[in-house]
Amino acid sequence: MKKFLSMVMAAAMVVSLVPATAFAASDDVRATAKVVDAQNYTETEIETANSVASDAELQLTFTTADYTAADFTADIDLTLDNAYFRAGTSLKAEDMYVKVDGSVYAGEQTATANGIRTITFTGAGLDGADVVLKVPSVAGQNDADEITVTLKGKLDRGAVLAIGLDTVMDKVSKGKTATISVDSDDIRITNGDDLVYASVESKGIKASVKDTVDIATEEVATLKEIKVEPAVGSNFAALITDEQVAKAELKLKLPSGYEFTAKTDVQVNGTDVDFTNDDDEIVIKVSKLNRNEDVWKITGLEVEATSAKAGATGLVKISLTGSDTVSVEAIKVVDYNVVMSVDEDEDVPVIYSGVNVDNKGITDDSDHESLEVTIEETFAGAWNNSKDFTLSVPEGVYIADVDANWVGEGELTVEQGSYKDKETAWFAGAYDEGDYVDLTFKRRTWDETEPGTGDKIEINFTLTLVADPNFEGDVVLKLTGDAVDEQEVTIAKFVKPFVVEAQQNDMQIDYRNTEIPTSVVIKEAEAGLWDKNTKFELALDKIEFDDEGKIAVDEKSGLEIKDDEIKEDGGVLSFTIDSRSDDEPAVVTISGMQLYMQRSLPAGAYDLDVWSSTMLGDADKATGYLGEAVFGADYDKNDDIEVIADINDDFYSTTAKAGFVNIVTAGREDTESFTTKVVVPVGESYLISGENKVTIDVPAYINANGYTMLPLRAVAVALGINSNNVLWDQSTRTATIMYGSKIINMTYGQKVVYVNGAMIPATAAVEITNDRMFLGLRDLGNALGVTDITWDGATRTATLNGNK
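Counting restarts for each chain, with residues numbered from 1 along the sequence as it is written. Whole-chain, interface and lining totals are the exception, using all residues; otherwise, since this is a predicted model, local features are given only for residues with pLDDT of at least 70 and side-chain atom pairs are given and counted only at 80 or more. Side-chain measures here rest on the full set of heavy atoms in the structure, leaving out hydrogens and waters.

1. Quick look at the overall build of the chain
Rules: Think of it this way: any DSSP run of H or I at least four residues long counts as a helix, any run of E at least two long counts as a strand, and we number them from the N terminus. By the convention used here, residues are in contact when the closest approach between their heavy atoms is within 4.5 Å. Residue burial considers only the protein chains on display, and all accessible areas are found by Shrake-Rupley using a 1.4 Å probe.
Secondary structure summary: the chain contains 7 helices and 66 strands in total. In the chain, once contacts between residues fewer than 6 apart in sequence are set aside, the share between residues at least 24 apart is 71%. Just so you have it, the chain exposes about 37,800 Å², and 41% of that area is on carbon and sulfur atoms.

2. Topic: the sheet that holds strand β58 (residues 726–729)
As a reminder, the rule being used: DSSP calls a pair of strands paired once it identifies at least 2 bridges connecting them. Fitted lines through C-alpha atoms give the axes, limited to the stretch in contact for helices. The angle between two N-to-C directions lies from 0 to 180 degrees.
Strand order in this open sheet of 5 strands is β58-β59-β60-β61-β62, and the pairing throughout is antiparallel. Edge positions in the open sheet fall to β58 and β62 (758–761), since each of these has one partner strand only. On average, each strand axis in the sheet is inclined to that of its neighbour by 25°, with strand direction left out of account. Here β58 runs beside strand β59 (residues 734–739); their pairing, made up of 4 bridges, is antiparallel. Its bridge partner being in β59, L727 is matched across the sheet by T736. Relative to strand β60 (residues 742–747), helix α7 (residues 777–784) is tilted by about 150°, and along the sheet it contacts β59, β60 and β61 (752–755).

3. Brief notes about the packing of aromatic side chains
Using the following cut-off: Put simply, two rings from Phe, Tyr or Trp (the six-membered ring, in Trp's case) pair if the centres are within 6.5 Å, and we call them stacked under 30 degrees between planes, edge-to-face over 60, tilted for the rest. Burial classification: accessible surface area is computed with a 1.4 Å probe over protein chains only, and a residue below 20% of its type maximum counts as buried, one above 50% as exposed, and the rest as partly exposed.
Scanning the model with the defined rule gives 18 aromatic pairs in all. Each ring, one from F236 and one from W296, has its centre 3.6 Å from the other, and the planes form 10°; the classification is stacked. Of this pair, F236 sits in the loop between β19 (226–230) and β20 (249–253) while W296 sits in strand β26 (residues 296–299); the two residues are 60 residues apart in sequence, bridging distant segments of the chain. Grouping residues by exposure puts F236 and W296 together as buried.

4. Quick look at the pattern of salt bridges
To keep it simple, the criterion reads: Whenever Lys or Arg places a side-chain nitrogen within 4 Å of a carboxyl oxygen from Asp or Glu, that contact is recorded as a salt bridge.
Enumeration over the complete set of coordinates arrives at 14 salt bridges. A salt bridge links K420 to D401, with the nearest nitrogen and oxygen atoms 3.9 Å apart. On the criterion of sequence distance, the pair formed by K420 in the loop between β34 (397–407) and α3 (422–433) and D401 in strand β34 is long-range, its members being 19 residues apart. A residue is classified by how much of its surface remains accessible, and K420, at 43% relative accessible area, is partly exposed. In this structure, R580 engages D531 in a salt bridge whose closest nitrogen and oxygen atoms are separated by 3.6 Å. Of this pair, R580 sits in the loop between β48 (572–579) and β49 (587–591) while D531 sits in the loop between β42 (520–524) and β43 (535–540), placing them 49 residues apart in sequence. For R580, a relative accessible area of 41% puts it in the partly exposed group. Each of the salt bridges in this network shares a partner with another, and the network as a whole consists of D214, K332 and K456.

5. A look at a negative patch on the surface
Put simply, the test is: Like charges are joined within 9 Å and nonpolar side chains (Val, Leu, Ile, Met, Phe, Trp, Tyr) within 5 Å, but only among residues with over 30% relative accessible area and no salt bridge; these make up the patches. Positive charge is attributed to Lys and Arg, negative charge to Asp and Glu, and no charge count is given to His or to the chain ends. Lys charges are placed at NZ, Arg charges at CZ, Asp charges at CG and Glu charges at CD.
Among the surface-exposed residues, D343, E344, D345, E346, D347, D365, D367, E369, E372 and D403 lie close enough to one another that they form a single negatively charged patch. Within the fold, E369 resides in the loop between β31 (350–352) and β32 (373–377).

6. Quick word on the side chain of Q59
To be explicit about the condition: In the analysis that follows, any N or O atom pair within 3.5 Å is treated as a polar contact, provided that within protein one partner can donate a hydrogen and the other can accept it, and provided that, for residues neighboring in sequence, both atoms belong to side chains.
Structurally, the position occupied by Q59 is in strand β4 (residues 52–62). Polar contacts involving the side chain of Q59 include one to the side chain of E57, which spans 3.0 Å. When near neighbours in sequence (up to four residues on either side) are disregarded, Q59 contacts T32, A33, K34, V36, V160, L161 and A162.

7. Comments concerning the pairing of strand β29 (residues 326–333)
Sheet topology note: the strand β17 (residues 213–215)/β29 ladder contains 3 bridges and is parallel. Among the inter-strand pairings, I215 is bridged to a residue of β29, identified as V333. Alignment of strand β28 (residues 313–320) against β29, held across 6 bridges, turns out to be antiparallel. Bridge pairing in β29 links L315 to E329. If you look at the hairpin formed by β28 and β29, you'll find 5 residues sitting between the two strands, and G322 has a positive phi there, around 85°.

8. Focus on helix α6 (residues 712–719)
Because the α-helix completes a turn every 3.6 residues, residues three or four places apart line up on one side. Selection rule: Throughout, the arc means the angular range of directions from the helix axis out to the C-beta atoms.
Residues of α6 that are buried: L712, V715, A716, A718 and L719. Each buried residue of α6 sits inside an arc of 160° when the element is viewed along its axis, so together they form one side. Looking at the residues trailing α6, positive phi occurs at G720, about 125°.

9. Focus: the sheet that holds β31
Read across the sheet, 5 strands follow the order β31-β38-β37-β33-β35 without closing on themselves; strand pairing throughout is mixed. For this open sheet the edge positions go to β31 and β35 (438–441), each flanked by a neighbour on one side alone. Shown here is a sheet whose adjacent strand axes are inclined to one another by a mean of 25°, direction ignored. Pairing between strand β37 (residues 473–481) and strand β38 (residues 487–495): 7 bridges, direction antiparallel. In the strand pairing of β38, K478 is matched with E488. Along the sheet face, α3 touches β33 (389–392) and β35 and points at about 115° away from the line of β35.

10. Some points on the environment of G473
Structurally, G473 is set in strand β37. Distance from G473 to V350, taken between C-alpha atoms, is 9.4 Å for residues 123 residues apart in sequence. Residues within four places of G473 in sequence aside, it is in contact with A492, K493 and F494.

11. Topic: the pairing of β43
The element β43 is extensively covered by neighbouring structure, given that 5 of its 6 residues are classed as buried. Bridge count for β43 against β48 is 4 bridges, and the pairing is antiparallel. Pairing of F536 across the sheet is with F575, part of β48. Judged from the 4 bridges that link them, β43 and strand β51 (residues 604–611) form a sheet pairing that is antiparallel.

12. Observations concerning the nonpolar core
As a reminder of what qualifies: What makes a nonpolar core is a set of buried Ala, Val, Leu, Ile, Met, Phe, Trp, Tyr and Cys residues whose side-chain atoms join them at distances within 4.5 Å.
The biggest cluster of nonpolar side chains holds 44 residues, and the ones touching the most others in it are L391, W426, F427, F461, L477 and I491. Looking at which element gives the most residues to this core, the answer is β34, with 7 residues. In this structure, V213, A216, A305 and F379 belong to the second largest nonpolar core, which totals 41 residues.

13. A word on the environment of A492
Here A492 is to be found in strand β38. Owing to a relative accessible area of 0%, A492 belongs among the buried residues under this scheme.

Okay, here's the thing in structure tokens:
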């Protein structure tokens, strides 16, 4: 193959206003050396070519300032290792060129004398200067392993001098390489040492597979396409000579625990071939294959996992006569299982809670859709349809619609009815079975696939979600059932469009115009979120507001309230957004609120509700809301899951502050207030309150220090304290009991109880067991003022008010 000497002039010519003689001297000229198109040869190839290594090219890229001095000359020494330039064939003028900005300029041999050939390149693109290369006549060098290239003329930064390496290798056995080194006294050469431009590899193959195939123990599967290619060389003829072909074989061997089935029918590049099947090994005669191919694509390999266990992988070993053996991972043994997943590369969608799918009342444009969920069987026949399975979302999250697609040869057996497709009908029926809390998919509502045949069952679906105004956090979808492993995936996240800050107010019973001493602050989640005409409302449980109070908006947000006032109607306060916030989220403060407190109100805590009737679809807060209010204007009961149809009045919770108002009376002292006898047996899931047996979820116990520990809330309620007056603060892990004139506080881990702010030492520290707070028997009695307390060690029973 003829090679060439070339120079590539790359990059734009540098324009300068200074004289040419002012350009850099030779000390400033630098070049970087590299080899392009380095070649790998098999021993057969290099021997067939009589040890000639060609097709590679040495390139010198000039990286510093231009030089243009007419008398500038640079000598570049090229030294080969394990090779020499072939005499009389390389570096011919007609094979050389210079390329500048895409234009090619031919070289002309202008002189040959004393074993030196001079080649000149000319053209307008060379900026009026000639490039002159002086090289030795290779024939005159007697197969030299070192030559000198003499360069004279103009070169710009970025110019590339390219030299073809048409050489002969001295040693051509496996692992040998040919290298070239570049040196110059006139040009600083970077990376000029021992550049490999040719190497000899052993004859060999490489193999790959499109994908692993899942298989269950004692089941059958067909392997994906396996590709076999020469590791070096253009085709298999480089690996198997005419003399070798009669005895050469291609073998595919399975590991222990797998066998090829009798149905295996091998094709190579789409054509049937003869083969032998020895259970775990397939043998193909190379004489039956086309050696001029550069790849053999093998299909039709059917495999049975005779004894391989779940979790095992199968490496298929592939060998070709005269080549090393290679392996590909083609099989994975799986359990019969059903797997739920989402695309982990997708961002979890963020949705606002307490708004319908049209986002009425806010400016957010999300579609309330979850991530797409995939439930699939690991192997055909793995999904047992004789068992129910359930999908659950967290309490406070509701499914408004579904977009589902069934994949695989098994199919749904449900009736479509008036629904848009069988998938929607299946989900709607499951939601009804789950009483609008869970989706319970009944058995026999889909057909199974046959093991070893057909595609695996797969269901892909996206849920449209709405959430309780008080729900905040991740939506974790759970898969449960007797025929599936329990699994969880996060499919969405809800955030509140507003948060309410309020504190408890201890107040005496009064009649009218009782002012609440603290303010209520409502904060917007993000600037511009609350839309114009969005209405907010505030109400108290069993207590009416008696006057509007005052409303103020922070100055930075730019939000405006309609009529700049808060209104009272039927004991409920409300205000309406007149213009949205812009630069900052709005902060609305409501103060000076007054109450109408009937004297018949019992002592205890009363909750504050704050909600936006606009965001709730303008529905009646007391009864929840139906149909269009939840789903939006495009609601069609035949196309959407009827999520709201039978949900009770507590569909949405709007409590912003539990115990916002705490009515305190000067009632009788506490020991006389409790008249109920309470018996608490240790270790039992019940207690006796008067004549009634009351089930409790966590029984009393004796702790490691020997103290009898009673469940705080259960005992307090059993004595007669309203459950609403037993409060829990998760942030401080503190329980508060309000009864009569007493406010009792106790905090997890502390060995004290506070009664109306006074500290009372306790015998045992406050404990939490199974999410319930426990207090020592005597400590609880002291805190509540119960003095009639007995302990029966024989029956392990605590009794409060035993003489009542």
